[in-house]
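Read off the chains here:
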Amino acid sequence: YGIANGLHFAIASVPLRLETWVKRDAKGLDAFREFCQEENLDALVVMTSFQDSEGKFARQLAIIGPERSQGPAKALAKEMEMSAKLEVKRLELDWDKGVSGSKGPFFRAYNQGNVKSSRKQVMPLVNEILAKLDKSKGMFFTPVKF
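If you're wondering where the values come from, they're calculated on a predicted model, not measured in any experiment. (Residues numbered from 1 in each chain as written. Predicted model: local features only at pLDDT ≥ 70, side-chain atom pairs only at ≥ 80, totals over all residues. Heavy atoms only, no water.)

**Some points on the nonpolar core**
Counting residues in hydrophobic clusters, the biggest one holds 24 residues, and the most contacted among them are Ile63, Leu76, Met80, Val126 and Leu130. Where this core is concerned, the elements lending two or more residues are strand 2 (7–14), strand 3 (43–51), strand 4 (57–65), helix 3 (71–82), strand 6 (106–112) and helix 5 (119–131). For valine 126, the residues in contact, after removing those within four places along its chain, are Phe9, Ile11, Val45, Leu76 and Met80. With 18 residues, the next largest nonpolar core counts Leu29, Cys36, Leu44 and Leu91 among its residues. (Core = buried A, V, L, I, M, F, W, Y, C linked by side-chain atoms within 4.5 Å. Buried < 20%, exposed > 50% of the residue type's maximum accessible area, 1.4 Å probe, protein only. Helix = DSSP H or I, 4+ residues; strand = E, 2+ residues; numbered from the N terminus. Contact = heavy atoms within 4.5 Å.)

As structure tokens, then:
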């Protein structure tokens with residue numbers, strides 16, 4: 001758990017590919033939203049680690065917010081996409097398709113190209129991004145460069 005600029009966030013680590021998780025639990029996104037609400041989180045980062053089909057170590061990450069239109073999780077996802085440290089590429093999952101309008105939770109999933117970036121590297125990055133965010137507007141005070 002962490003707090004940056006009054007924004008509450010958490011990072012969870014799971015040894016399971018996101019696609020596998022989505023197939024196993026169609027309502028998993030609802031559970032994430034409930035967790036965010038219960039823990040008063042503005043953003044939840046779920047990091048996964050697993051062996052891909054070729055037996056190579058791989059990572060994925062997902063960013064979740066309790067509300068689809070919620071600024072902090074959306075802004076965090078945008079900045080993570082621009083970060084050269086993680087080398088993320090958007091991953092479309094069934095959970096994305098099930099979320100429509102502004103009532104559902106915010107959800108973005110990524111394949112992480114830089115598999116060396118673990119929670120120890122991601123936590124300070126999330127902290128730095130959220131520290132520069134204006135919570136009331138969902139906008140950054142100053143541009144973030146990585």
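Don't stop here, the text continues.
**Observations regarding the packing of helix 3 against helix 5**
Taken N-terminus to C-terminus, the directions of helix 3 and helix 5 make an angle of 120°; their axes are 10 Å apart at the nearest point. As judged from the angle between their axes, helix 3 and helix 5 are oblique. In this structure, helix 3 crosses over helix 5, and the sense of that crossing is right-handed. Two secondary-structure elements touch here, helix 3 through Pro72, Leu76, Glu79 and Met80 and helix 5 through Val122, Leu125, Val126, Ile129 and Leu130. Taken together, the residues of the contact of helix 3 with helix 5 break down into 8 nonpolar, no polar and 1 charged. (Axes fitted to C-alpha atoms, helices over the stretch in contact; angles between N-to-C directions. Parallel < 35°, antiparallel > 145°, perpendicular 65-115°, else oblique. Left-handed = near helix turned anticlockwise from the far one by under 90°. Nonpolar A, V, L, I, M, F, W, Y, C, P; charged D, E, K, R; others polar.)

**Let's talk about helix 5**
End to end, helix 5 covers 18 Å across 13 residues, agreeing with the expected 18 Å (1.5 Å per residue, within 8%). All of the buried residues along helix 5 are Val122, Leu125, Val126, Ile129 and Leu130. Around the axis of helix 5, the buried residues are gathered within 125° of arc, so they sit on the same side. (Expected span 1.5 Å × (residues − 1). Arc of directions from axis to C-beta.)

**Some details on the packing of aromatic side chains**
Across all of its chains, the model carries 1 aromatic pair by this definition. Seen in terms of ring centroids, tryptophan 21 and phenylalanine 32 are 5.2 Å apart; in terms of plane orientation they differ by 65°. Their pairing is edge-to-face. Residue tryptophan 21 is located in helix 1 (residues 18–24), and its partner phenylalanine 32 is located in helix 2 (residues 28–38); the two are separated by 11 residues in the primary sequence. Both residues of the pair, tryptophan 21 and phenylalanine 32, count as buried. (Phe/Tyr/Trp six-rings, centres within 6.5 Å; stacked < 30°, edge-to-face > 60°.)

**Re the pairing of strand 2**
As judged from the 3 bridges shared by strand 1 (residues 2–4) and strand 2, these two strands associate in the antiparallel manner. Across the sheet, the residue bridging to alanine 4 is leucine 7, located in strand 2. Between strand 1 and strand 2, which follow one another and run antiparallel, lie 2 residues, and asparagine 5 among them has a positive phi close to 60°. As defined by bridge partners, strand 2 adjoins strand 3 across 6 bridges and the pair is classed as parallel. By the bridge assignment, serine 13 is partnered in strand 3 with methionine 47. (Pairing = 2+ DSSP bridges.)

Function-wise, these values are silent; they only describe arrangement.
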